[in-house]
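One letter stands for each residue in the lines below.
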Amino acid sequence: MKVRILVSFKDSVLDPQGQTVKNALHTLGYAAVKDVRQGKVFELDLAGISRAEADRLVPEMAGKVLANPIIEKFTWQIVEE
Amino acid sequence: MKVRILVSFKDSVLDPQGQTVKNALHTLGYAAVKDVRQGKVFELDLAGISRAEADRLVPEMAGKVLANPIIEKFTWQIVEE
Amino acid sequence: MIDQRILDTHNLTRGEFDLIVSLIGREPNLTEIGVFSAMWSEHCSYKSSKIYLKGLPTRGRAVVQGPGENAGIIDIGGGKVIVFKIESHNHPSFIEPFQGAATGVGGILRDIFTMGARPIALLDSLRFGPLESPRNRSIMEGVVSGISSYGNSIGVPTVGGEVYFGENYALNPLVNVFCLGLADKDKIFYAKAEGIGNAVLYVGSKTGRDGIHGATMASAEFGKETEHKRPNVQVGDPFKEKLLVEACLEVMDRGVIVGIQDMGAAGLTCSTAEMPAKSGTGLEIDLDLVPQREEGMTPYEILLSESQERMLIVARPDKVAEVREIFSKWDLDAVEIGRVIEGDRMKVRFHGQVVVDVPVSAVVDLCPMYRRPVAEPAPLEPRNVRPVPSPGDLAAVFRKLLGSPTIASKEWVFRQYDHMVQTNTVLLPGADAAVLRIKGTTRALAVSLDGNSLYAQLDPKTGAAIAVAEACRNLACVGARPVGVTNCLNFGSPEKPGVMAQFKAAIDGITEACLAFEIPVTGGNVSFYNDTEGASIYPTPVLGVVGLIEDVGRVVTPGFKGEGDAVVLLGRMTPELGGSEYLKVAHGREDGLPPAINLAGERAVQETCLEAAEAGMLASAHDLSEGGLAVAAAECAFAAPGRLGCRLELEGGIRADALLFGEAQSRILVTVEPALLPALLDLAAKRGVAASRIGTIGGHRIRIAVAGAVPVDLPVEEARTIWSGAIPAYFEAKES
Amino acid sequence: MKFGVVVFPGSNCDADTLYAFREVMGQPAVSLWHKDHDLAGVDCVVLPGGFSYGDYLRSGAIARFSPLMRDVREFADKGGLVLGICNGFQVLLELGLLPGAMLRNKHLKFLCRPVTLRVENDRTRFTRRARKERLLSIPIAHFDGNYYAPPETLREIEDRGQVAFRYVDADGRATPEANVNGSLNNIAGLVNARGNVLGMMPHPERAAERLLGSEDGRVIFESMISTL
Ligand SMILES: Nc1ncnc2c1ncn2[C@@H]1O[C@H](COP(=O)(O)OP(=O)(O)O)[C@@H](O)[C@H]1O
Ligand SMILES: [Mg+2]
């Protein structure tokens, strides 16, 4: 099973990287870009576990290791059964 | 319109960050994790452009700026009209 | 209505509230309560410590600016001044180690460049819980990478520091960061808001809801409920700060501004109140004009936000365009948010309404100062009351000490720091003090940070005095004369009489030592409330001393230089073992009394070393500290080219463990070519300093004989492997 | 020979590099602002180390769009001498003036330390004053110095002798242990096919004075000066 976890700063937290990317895109003339938030994506290959186990394990791993709950939030989905 | 662009290493490129995350997860007992790839995610707020323009602009920005085609690949999707 | 609950959440007492009411002549609104709460917090007002800090010696011929400004300033001649300061970022670094430490670096840098100085060096003093615990490891890893990410990016070298480990820091790590800047004497800037009608400009990052109540948080004890304070963590943006450094130094260099102040603790509130307070003026700002990152922010939030990388500037109206132009060159906006007004008022508008209207002096200067209850100083243990059993295998103890994280090589840490950028670093981390040449001159600056909290726990006054003495001794070892001191006093809650007793004693110790060395204290920082779940950290005074070297060609390094050189010990051997790393590592004890210090004797030893260094006599010099003579000798061998070892022979008369590992103060291990030995011994004799040849450089082993036996005899390479591998081993084990 | 050191927002070795050329090597040198379109008549363009744009997207990724980079590309296309140090090397890779890309250091930590380099090709305009196989001690300070190129590109680079320096041990062997950041083939520095553009991760400007520990970086500057 393949799962994808997206980790990004909470909305209220400053995202200097996203801001810098936005400014760069503006300089290049992409005026339509109003905001950019940058985050991390993790793709995990999981083996030998059930859907139900994934439902329990993935958020646990994400909250403990992949994201820093103090400043980050995460979402996840199964991309391949 | 909100679009999400995922940038990750090409399969041929070694991903030491992903490896480190995998090791960390193993140390914590998450044995089901067979592989981890780490990448970046960009969420762009676009204003004042049509779907067709987005279809043209987003891959252009991603290919030119957000990803380095020598080592990275990208996918993108519209997450909010 | 302001009720008790509001006062509690703002850490204000009923008495303080009543005082506010009488100062402003009415009941304050919530925003005003926020303003007072932040400015009257321990962190900003020093209300518990000020009466004691006043006793520190702050005068000196070269002092341009003593305590009270963003940083201290010392005149070093030639039209140049140095600007330096140390700051703590302990609480934020516990909550989020990476960002907490990173923003700590950002904060101290702003204190330096806001005065017109270009930051030229950073040093960091760190305390963590033992590395056996994964949590402590991850705090250390986060803190070190946070410091590295910010300092490296902004291009200020991190050239030294110290790292200690102790159980008492597990839930309250300490992150103290020191910064040194260099400026032209005629281009110093202050936080002034002079000139009625002058414009007030906001520059840097937009304001978000970050770290609201950071100042009050740093002034409160940690409990379980700290969790809810977490969303306020600030994220550092070193790139933005790099732009700010360049733009601010440019406007100052061109002389187009009147005054400037960074927004640190208590954010916009602090700068809006402090700038006019210094100039006897008032300030009026309109919050609608403040650049904001989030929507719907209240005046309370805008005023108290601790978003990073922001500055407040006062400029003449006819210069505003020029200021704007310079900032825009660096892709920064300078936004006019208000002006300097007549009278002692801080006036804040929001959506057309006046939301704060209070006397500047009340906010800045009239916070009540406390003489908190001070316990009788804890009775000191009598010297050596509990006998220390002989450890038997001294060779094994030696290995154990080399591998103790507090003594082991800190290369794992400083390799992550760019310590060379700006191309001034003459002595890299690893020497007794960092040395930076001053381009365009033959002179150099040296800096050392020191503090042994176990000593301070056992005897706060002696421990603090030793911290000053050791920092100066480190400078003497590289050939630098101390010119100024800054200090970071990390203590538990001032509301505990026992803590106040420690604090008072530590100040006494620092005062005595600074008087003995004739060096002024130019500033510092007090970090109270380092308590978690009721337990206080050991009192941890960290001293930062800056010194001057007239001839950079005469810098002395710790590494042994030549086969056959004579090894000389300056200073006396004593049987003291209390508070030593040896006692802790070999016997599991943290007791006894720290080594005694005789300040006049200490100074004589340092003067001897300095004179010999300035005469070009010394091949190497290294002070004795944790781990004593055996560890010091080993460190000199590690720093030597080609793994050069030594053969030392010590007379008996004192127990062998004390000879090898005791931490008696006022000792320096130097080496000289044999022909220069008589001259060196003469020099020492003239100052009444004990000096004796204890051995010779040679071979590739560290060999120490004591009264005929040879308790230490280890190949340099083997010893080095233990010493350099100890800290990495904790982290690699985790990675595999 | 007149040198021009480009200043990007976030560059932090620009002043050091100017100092090395002017005060240490005694050459005329000016700084070039990234927003300008003016190379000020220099004979050599230097892209210095630092963290242009904070290295936020990827090292060098945003700086390469600076207006001045068009002029630098033209200058290089005409055979002008271009040196990229550390972040400057990363910018050259992003610009495509040199092949390949940089990944994070293999241990995922910033690394600041002296390294030993072996001169691989002494016929370039940057190394002609050195001898092939000569060992140089020059410091590195970077997070993203792990050189990568696709296999066919790597083969070409090697076949054409484009590798200028490799990370080696004290005995001059290009071992895995000496490969501090994990670069393919221990590559520390690279020239383009034409030989007028050099990118290197180590900082020669930090190794130009005995006082700072090493003078080995000077041979690179001396080589460049000798070509004009
Ligand atoms: N946190 C740190 N950051 C940078 N350098 C450090 C750090 N900790 C220790 N060092 C360096 O390691 C060396 C040894 O430190 P330490 O054992 O505390 O020295 P000493 O006992 O002589 O004061 C010093 O040169 C110091 O600058
Ligand atoms: Mg020391």
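Keep in mind the model is a prediction, meaning the values are calculated, not measured.

Peer 1: How should I be thinking about the overall build of chain D in this particular structure?
Peer 2: Per the secondary structure count, chain D includes 5 helices and 11 strands. Its C-alpha atoms give chain D a radius of gyration of 16 Å, near enough to 17 Å, the size a compact globule of 228 residues would have. The long-range fraction of contacts in chain D, counting pairs at least 24 apart against all pairs at least 6 apart in sequence, stands at 75%. As presented, chain D carries roughly 7,700 Å² of accessible surface, and 45% of it is formed by carbon and sulfur atoms. A gap of 2 Å separates the mean positions of the 28 positive and 27 negative side-chain charges of chain D.

Peer 1: Even after reading the chapter, I still don't get empty space enclosed by the protein, so can you show me in this structure?
Peer 2: Rolled over the atoms, a probe as big as a water molecule pinpoints where empty space is left. Going through the model one piece at a time under the given rule, you end up with 4 cavities of 30 Å³ or more. As a volume, the largest cavity reaches approximately 150 Å³. What lines the largest cavity is a set of 18 residues, among which Tyr164, Asn452, Leu454, Glu581 and Lys584 of chain C lie closest to the centre. In terms of residues, the lining of the largest cavity owes the most to one element, helix H17 (residues 453–458) of chain C, which gives 3 residues. Of the residues assigned to the lining of the largest cavity, the class counts are 6 nonpolar, 7 polar and 5 charged. Roughly 110 Å³ of internal volume is contained in the second largest cavity. Along the wall of the second largest cavity there are 18 residues; nearest its centre are Gly50, Phe51, Cys86, Ala141 and His142 of chain D. Breaking the lining of the second largest cavity down by element, the ones donating at least two residues are helix H3 (87–95) and strand S7 (135–142) of chain D.

Peer 1: I'm lost on the environment of Pro157 of chain C in this one. Help?
Peer 2: Residues and elements named next belong to chain C. Within the fold, Pro157 resides in the loop between helix H8 (134–154) and strand S5 (158–165). The spatial distance from the C-alpha of Pro157 to the C-alpha of Ala193 is 32 Å, given a sequence separation of 36 residues. Residues contacting Pro157, with those up to four places away along its chain left out, are Ile120, Ala121, Leu122, Asp418, His419, Met420, Val421, Gln422 and Thr425.

Peer 1: I tried to follow the site of ligand 1 on my own but got confused; where do I start?
Peer 2: All names here are of chain C. Within the structure, ligand 1 sits among 20 residues, and Asp124, Gly161, Gly430, Ala431 and Ser625 are positioned closest to it. In the model, an oxygen atom of ligand 1 is placed 2.5 Å from a nitrogen or oxygen of the Ala431 main chain. Contact between ligand 1 and Asp450: an oxygen atom at 3.3 Å from a side-chain N or O atom of the residue. Sorting the residues of the shell around ligand 1 by element identifies strand S4 (118–128), S5, helix H16 (411–414) and helix H18 (460–478) as the ones contributing at least two each. By residue number, the principal contributor to the shell around ligand 1 is S5, which donates 4 residues.

Peer 1: Sorry if this is basic, but what is going on with the interface of chain A and chain B here?
Peer 2: Counting residues at the interface gives 30 residues for chain A, matched by 31 residues for chain B. Here chain A and chain B share an interface that buries about 2,600 Å² over both sides, 70% of which is from carbon and sulfur atoms. Contact with chain B buries area across many residues of chain A, yet Tyr30, Ala32 and Val41 of chain A alone supply 20% of it, more than any other trio. At the boundary of chain A and chain B, one finds 0 salt bridges. Seen at the junction of chain A and chain B, the total is 13 residue pairs in polar contact (both at pLDDT 80 or more). Elements supplying a minimum of two residues to the side of chain A that touches chain B: strand S1 (2–9), helix H1 (16–27), strand S2 (33–46) and helix H2 (51–66) of chain A. Here the element with the most residues in the side of chain A that touches chain B is S2 of chain A; it accounts for 14 residues. Taken together, the residues of the side of chain A that touches chain B sort by class into 19 nonpolar, 2 polar and 9 charged. As judged from the 13 bridges shared by S2 of chain A and strand S2 (residues 33–46) of chain B, these two strands associate in the antiparallel manner. Residue pairing in the sheet places Asp45 of chain A in a bridge with Asp35 of chain B of S2 of chain B.

Peer 1: Help me out: how do you make sense of the confidence of the model for chain D in this one?
Peer 2: Parts of the model with low pLDDT should not have their predicted coordinates read in detail. Looking at chain D as a whole, the pLDDT averages 97, with 100% of positions reaching at least 70. For this predicted complex, the interface confidence score (ipTM) comes to 0.94, while the overall pTM stands at 0.95.

Peer 1: Whenever I open this one, the packing of helix H15 (residues 394–402) of chain C against helix H22 (residues 628–638) of chain C confuses me. Can you help?
Peer 2: Helix-helix packing is characterised by the crossing angle of the two axes and by the distance between the axes. All names here are of chain C. One way to put it is that H15 packs onto H22 with a least axis distance of 11 Å and a crossing angle of 60°. With respect to H22, the axis of H15 lies oblique. With respect to the hand of their crossing, H15 and H22 are arranged in right-handed fashion. Each of Phe398, Leu401 and Leu402 in H15 lies in contact with H22, whose residues at this interface are Ala630, Val631, Ala634 and Phe638. Class assignment for the residues of the contact of H15 with H22 results in 7 nonpolar, no polar and no charged.

Peer 1: Help me out: how do you make sense of the coordination of the magnesium ion (ligand 2) in this one?
Peer 2: Around a metal, the idealised angle for a tetrahedral arrangement of four donor atoms is 109.5 degrees; for an octahedral arrangement of six donor atoms it is 90 or 180 degrees. The protein atoms donating to the magnesium ion (ligand 2) are Asn474 of chain C (OD1) and Asp623 of chain C (OD), with metal-donor distances spanning 2.3 to 2.4 Å. Of this pair, Asn474 of chain C sits in helix H18 while Asp623 of chain C is found in strand S23 (residues 620–623), placing the two residues 149 residues apart along the sequence.

Peer 1: Explain the side chain of Arg310 of chain C to me, please; I cannot follow it from the model alone.
Peer 2: Residues and elements named next belong to chain C. Residue position: Arg310 is located in strand S10 (residues 310–315). No salt bridge is formed by the buried Arg310, whose closest oppositely charged neighbour, Asp210, lies at an N-O distance of 7.0 Å. Here the side chain of Arg310 touches Thr207 through a polar contact of 2.8 Å, side chain to side chain.

Peer 1: Explain the packing of aromatic side chains here, please?
Peer 2: Aromatic ring pairs are defined here through the distance separating the ring centres and the angle between the ring planes. In total, this model carries 17 aromatic pairs over all chains according to the counting rule given. For the ring pair Phe3 of chain D and Phe21 of chain D, a centre distance of 3.9 Å and an interplane angle of 15° mean the geometry is stacked. With a gap of 18 residues between them, Phe3 of chain D in strand S1 (residues 3–7) and Phe21 of chain D in helix H1 (residues 14–24) connect regions that are remote in the sequence. Among the aromatic residues, those joined into a cluster by ring pairs are Tyr52, Phe491, Phe503 and Phe528 of chain C.

Peer 1: Hey, could you run me through the sheet that holds strand S25 (residues 668–672) of chain C in this one?
Peer 2: Residue and element names in this part refer to chain C. Spatially, 7 strands are ordered S23-S25-S22-S26-S24-S27-S28 in an open sheet, and the strand pairing comes out mixed. Since the sheet does not close on itself, it has two edges, and those belong to S23 and strand S28 (709–715), each with one partner. Averaged over all pairs of adjacent strands, the angle between their axes in this sheet comes to 20°, without regard to strand direction. As defined by bridge partners, strand S22 (residues 566–570) adjoins strand S26 (residues 691–697) across 5 bridges and the pair is classed as antiparallel. Bridging from a neighbouring strand, Leu569 pairs with Ser692 of S26.

Peer 1: What's the story with the side chain of Ser279 of chain C in this structure? I'm lost.
Peer 2: Residues and elements named next belong to chain C. For Ser279, the position within the fold is in helix H11 (residues 267–279). Here Ala193 takes part through its backbone nitrogen, which lies 2.9 Å from a polar atom of the side chain of Ser279. Of note is the side chain of Ser279, whose polar atom sits 3.4 Å from the backbone oxygen of Met275. Excluding its chain neighbours within four sequence positions, the residues that come into contact with Ser279 are Lys192, Ala193 and Glu194.

Peer 1: Help me understand the relation of the copies chain A and chain B in this model?
Peer 2: These two copies of the chain differ by a rotation about an axis and a displacement along the same axis. If you rotate chain A by 180° and push it 0.0 Å along the axis, it lands on chain B with an RMSD of 0.2 Å. Such values leave the two copies arranged in the relation of a two-fold axis. For chain A, the minimum C-alpha distance to the rotation axis belongs to Lys40 of chain A and amounts to 2.2 Å. Both copies share a contact surface, since 100% of the interface residues of chain A are interface residues in chain B too.

Peer 1: Is there a simple way to think about the environment of Arg667 of chain C in this case?
Peer 2: Residue and element names in this part refer to chain C. With respect to the element layout, Arg667 can be found in the loop between helix H23 (656–661) and S25. When its relative accessible area of 1% is taken as the criterion, Arg667 is described as buried. Taking the C-alpha atoms as reference, Arg667 lies 17 Å from Gly559; in sequence the two are 108 residues apart. Here Arg667 is in contact with Arg473, Leu569, Leu570, Gly571, Arg572, Met573, Asp623, Leu624, Gly628 and Gly662, once residues within four sequence places are set aside.

Peer 1: Sorry if this is basic, but what is going on with H15 of chain C here?
Peer 2: For H15 of chain C, every residue scored as buried is listed here: Leu394, Val397, Phe398, Leu401 and Leu402 of chain C. Within H15 of chain C, the buried residues cover an arc of 135° as seen down the axis, which keeps them to one side.

The rules behind the values
Residues numbered from 1 in each chain as written. Chains lettered and ligands numbered in written order. Predicted model: local features only at pLDDT ≥ 70, side-chain atom pairs only at ≥ 80, totals over all residues. Heavy atoms only, no water. Helix = DSSP H or I, 4+ residues; strand = E, 2+ residues; numbered from the N terminus. Rg over C-alpha atoms; globule rule 2.2 N^0.38 Å. Contact = heavy atoms within 4.5 Å. Areas by Shrake-Rupley, 256 points an atom, 1.4 Å probe, with all protein chains shown as cover. Lys, Arg positive; Asp, Glu negative; His and termini not counted. Charge placed at Lys NZ, Arg CZ, Asp CG, Glu CD. 1 Å grid on protein atoms, 1.4 Å probe; cavity = no way out; pocket = protein on both sides within 12 Å on 5 of 7 lines; lining within 4 Å. Points joined across faces, edges and corners; volume = space filled by probe spheres on them. Nonpolar A, V, L, I, M, F, W, Y, C, P; charged D, E, K, R; others polar. Near = heavy atom within 4 Å. Polar contact = N/O pair within 3.5 Å; in protein donor to acceptor, adjacent residues only side chain to side chain. Buried area = accessible area lost by both parts, 1.4 Å probe. Salt bridge = Lys/Arg side-chain N within 4 Å of Asp/Glu carboxyl O. Pairing = 2+ DSSP bridges. pLDDT = per-residue confidence, 0-100. Axes fitted to C-alpha atoms, helices over the stretch in contact; angles between N-to-C directions. Parallel < 35°, antiparallel > 145°, perpendicular 65-115°, else oblique. Left-handed = near helix turned anticlockwise from the far one by under 90°. Donors = N, O, S within 2.8 Å, 3.2 Å for Na, K, Ca; no water. Buried < 20%, exposed > 50% of the residue type's maximum accessible area, 1.4 Å probe, protein only. Phe/Tyr/Trp six-rings, centres within 6.5 Å; stacked < 30°, edge-to-face > 60°. Least-squares fit on C-alpha atoms with pLDDT ≥ 70 in both. Arc of directions from axis to C-beta.

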